[in-house]
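Residue-level structure breakdown
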Amino acid sequence: MKTKEKLFISFTIKIDETVRFSCRTENNSNIAEKEIFRVGNYYFFYVFNRTEGLNTYSLREIGKDEYNNRKREFLNFRPTSKTYEWVDKSNTFSVKNYYNGYWKRNVPAQDCIFITENNPLKEIYDAVLSEASIRKAQNDAVDKDEKYEYARKCGGMGRKLGIAYVNVLRIGPEKGKLMKFKESYERAIKKAESMSLADARELYNNLRKGRATRKEAMDALQIEYHNVDVNLLALDELETTLLKRLNAYTEESFRIAKTNLAQADYATRQKIYEALMNSNRRQKKEALAQLGINVAAIDLSKYPLSEIKRALAATLGLETER
């Protein structure tokens, strides 16, 4: 997922007074800055921290009383009234105050809090947000136009080449790539029409499993999908071709099973019936194989076992299934 970028406000403003406290480790890996400053009758408190590459910011408007209290607090950090910078346990500290200078900082918009509407920092903040909003609206409009044009082009190529729109959308409207996909996909469908029923069942199951298995199946068929996410491609024609053959065999195998069970002796029918009533899938498959069914070509969970069991029960003189 694309990370949303922070919007920074670049502040450059003339100030009347500031008091700045800072603490830095020996290698500057950790930095802590606190600063109060005044612009006319407006007061502000700025905090910046950097720890192991993570930067945090805070800029908020404060009242006059808080400003005076923090000013005294910062100045009292000095070992002496004339000490502006000192070292303590390898950390460098400084407390400096200035008058009639400029305050220049880049601060994330989300980390700015103002309590008055007309203060000069709020005016800068509002102007940047307004410009960013206009720029975003313009970019969104361009993106929307580009997306519409891309979709329109894909739709046209899909109709022209006889390729599903979703596949053109994923592969892209480049004719050369689309033709390679189309030709390889049609070859895969023809192969599906002539492969063994067991292979058809395995292929159908693999196409409907997870991404890795689906990819392996498509690679085995040599479908050129140009590194597109295989789960995003529509292979309806291929799956329909496979399912049509498999469903036809299910109906045919059911008729074969009923014919064979009618010809089997009583003991064989009883054994098959008991195996089909068992919950063990292996035993059920062995019983169906005895009735002439290609068990590798069927989906056991969807096979009409109940009808075969009822037919067997009738030949065994059982009124109902157990």
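Just above sits the structure.
Residues numbered from 1 in each chain as written. Predicted model: local features only at pLDDT ≥ 70, side-chain atom pairs only at ≥ 80, totals over all residues. Heavy atoms only, no water.

A few points about the side chain of Glu61
Inspection of the secondary structure puts Glu61 in strand β5 (residues 54-62). An unpaired buried charge is present at Glu61: no salt bridge exists, and Lys122, the closest side chain of opposite charge, is 8.6 Å distant. Within the structure, the side chain of Glu61 is placed 3.1 Å from the side chain of Asn119, a separation counted as a polar contact. With residues up to four places along the chain from it excluded, the contact list for Glu61 reads Tyr42, Tyr43, Phe44, Ile113, Phe114, Ile115, Thr116 and Asn119. (Helix = DSSP H or I, 4+ residues; strand = E, 2+ residues; numbered from the N terminus. Buried < 20%, exposed > 50% of the residue type's maximum accessible area, 1.4 Å probe, protein only. Lys, Arg positive; Asp, Glu negative; His and termini not counted. Salt bridge = Lys/Arg side-chain N within 4 Å of Asp/Glu carboxyl O. Polar contact = N/O pair within 3.5 Å; in protein donor to acceptor, adjacent residues only side chain to side chain. Contact = heavy atoms within 4.5 Å.)

With respect to the packing of helix α7 (residues 236-263) against helix α10 (residues 305-315)
When two helices pack together, you describe them by how their axes are tilted relative to each other and by the distance separating the axes. Between α7 and α10, whose axes approach to 11 Å, the crossing angle comes to 15°. Here α10 runs roughly parallel to α7, going by the angle between their axes. As α7 packs across α10, the resulting crossing turns out to be right-handed. Counted together, Phe254, Ala257 and Leu261 of α7 and Glu307, Ile308, Ala311, Leu312 and Thr315 of α10 form the full contact between these two elements. (Axes fitted to C-alpha atoms, helices over the stretch in contact; angles between N-to-C directions. Parallel < 35°, antiparallel > 145°, perpendicular 65-115°, else oblique. Left-handed = near helix turned anticlockwise from the far one by under 90°.)

Overview of the packing of helix α8 (residues 266-277) against α10
Running from N to C, α8 and α10 point in directions that differ by 145°, and their axes come no closer than 10 Å. Read as a crossing pair, α8 and α10 show a hand that is left-handed. For the pair α8 and α10, the contacting residues are Arg269, Ile272, Tyr273, Leu276 and Met277 in the first and Leu305, Ile308, Lys309, Leu312, Ala313 and Thr315 in the second. Taken together, the residues of the contact of α8 with α10 sort by class into eight nonpolar, one polar and two charged. (Nonpolar A, V, L, I, M, F, W, Y, C, P; charged D, E, K, R; others polar.)

What about the pairing of strand β6 (residues 85-88)?
Here β6 runs beside strand β7 (residues 91-99); their pairing, made up of four bridges, is antiparallel. Looking at the pairing, Asp88 lines up with Asn91 of β7. (Pairing = 2+ DSSP bridges.)

A word on the pattern of salt bridges
What the rule picks out here adds up to 19 salt bridges. When the shortest N-O distance is used, the salt bridge between Glu239 and Arg214 registers 3.5 Å. Taken together, the positions of Glu239 in helix α7 and Arg214 in helix α6 (residues 211-220) put the pair 25 residues apart, joining distant regions of the chain. Pair check on accessibility: Glu239 and Arg214 agree, each one buried.

Regarding the pairing of β7
When strand β2 (residues 17-24) meets β7, the two strands line up antiparallel, connected through eight bridges. The residue bridging Thr18 from the neighbouring strand is Tyr98, located in β7. Taking the residues between adjacent antiparallel strands as the criterion, β6 and β7 are bridged by two residues, where Lys89 takes a positive phi near 55°.

Some words on the packing of aromatic side chains
Applying the stated criterion across every chain yields a total of 15 aromatic pairs. Aromatic side chains Phe37 and Trp103 sit 4.4 Å apart centroid to centroid with 25° between the ring planes, which places their arrangement in the stacked category. One end of the pair, Phe37, is in strand β3 (residues 30-39); the other, Trp103, is in strand β8 (residues 102-108), and 66 residues separate them in sequence. For Trp103, a relative accessible area of 0% corresponds to the buried category. With centroids separated by 5.5 Å and ring planes inclined at 10°, the aromatic side chains of Phe181 and Tyr185 adopt a geometry described as stacked. Taken as a pair, Phe181 and Tyr185 lie in helix α4 (residues 175-194) at a separation of four residues, close to a single helical turn. Here Phe181 matches Tyr185 in class, with each residue buried. (Phe/Tyr/Trp six-rings, centres within 6.5 Å; stacked < 30°, edge-to-face > 60°.)

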